[in-house]
Amino acid sequence: MRQSLKMRLLILWSRVRKYAYREYYFPEAIDTGNGTSPLTELDQAHLSHCLSMLRQALTCNPSLDIITHNVRAYTCLTPI
C-alpha cells in the first residue's frame, strides 16, 4: 500500500474515533434528545465517506499477516 494512502487511512480512522467519543471531542454537539443528529449534514457525509474508505481499504488490501497468541493460565492472550 502506498505511504500516502496509509496516512490518509490513519486520518480517516482518527475521524471515526473522534466521532465514537464525540462527547469528549465535541461537547457542544451532544444530542439534545429531540431525535435530531448532533452532526451537520456535511459532517454526516464526511463520516460516511471515512467509513466507506476504511471498508474499501480493508476489503481490497487485507493484511494476510499471521498473528499467533500464547494462552497462559490466568492471563489474557498475549502475542508471541
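What you see is a predicted model, and the numbers here were worked out from it, not measured in a lab.

Rules behind the numbers
Residues numbered from 1 in each chain as written. Predicted model: local features only at pLDDT ≥ 70, side-chain atom pairs only at ≥ 80, totals over all residues. Heavy atoms only, no water. Core = buried A, V, L, I, M, F, W, Y, C linked by side-chain atoms within 4.5 Å. Buried < 20%, exposed > 50% of the residue type's maximum accessible area, 1.4 Å probe, protein only. Helix = DSSP H or I, 4+ residues; strand = E, 2+ residues; numbered from the N terminus. Contact = heavy atoms within 4.5 Å. Expected span 1.5 Å × (residues − 1). Arc of directions from axis to C-beta. Phe/Tyr/Trp six-rings, centres within 6.5 Å; stacked < 30°, edge-to-face > 60°.

Engineer: Before we go on, may I ask you to explain the nonpolar core in this structure?
Structural biologist: In this structure, Leu 9, Leu 12, Val 16, Leu 39, Leu 47, Cys 50, Leu 54 and Ala 57 together form the largest nonpolar core, which totals 8 residues. Contributions of two or more residues to this core are made by α1 (3–20) and α3 (41–60). Top contributing element to this core by residue count: α3, with 4 residues. If near-sequence neighbours (up to four positions away) are discounted, Leu 47 is found in contact with Arg 15, Val 16, Tyr 19 and Leu 39.

Engineer: Can you walk me through α3 in this structure?
Structural biologist: Every α-helical turn comprises 3.6 residues, leaving residues that sit three or four positions apart pointing alike. Counted at 1.5 Å a residue, the expected span for α3 with its 20 residues is 28 Å, and the 28 Å between its end C-alpha atoms agrees. Inspection of α3 places Leu 47, Cys 50, Leu 54 and Ala 57 among the buried residues, and these make up the whole buried set. Axial view of α3: buried residues confined to an arc of 90°, hence all on one face. Structural note: α3 exposes Glu 41, Leu 42, Arg 55, Thr 59 and Cys 60 on the side pointing more than 90 degrees away from its buried face.

Engineer: Looking at this model, I keep getting lost on the packing of aromatic side chains. Mind explaining?
Structural biologist: Each aromatic ring pair is described using two quantities: the centre-to-centre distance and the angle formed by the ring planes. Scanning the entire structure with this criterion turns up 1 aromatic pair. Seen in terms of ring centroids, Tyr 24 and Tyr 25 are 5.1 Å apart; in terms of plane orientation they differ by 90°. Their pairing is edge-to-face. What makes Tyr 24 exposed here is its relative accessible area of 67%.

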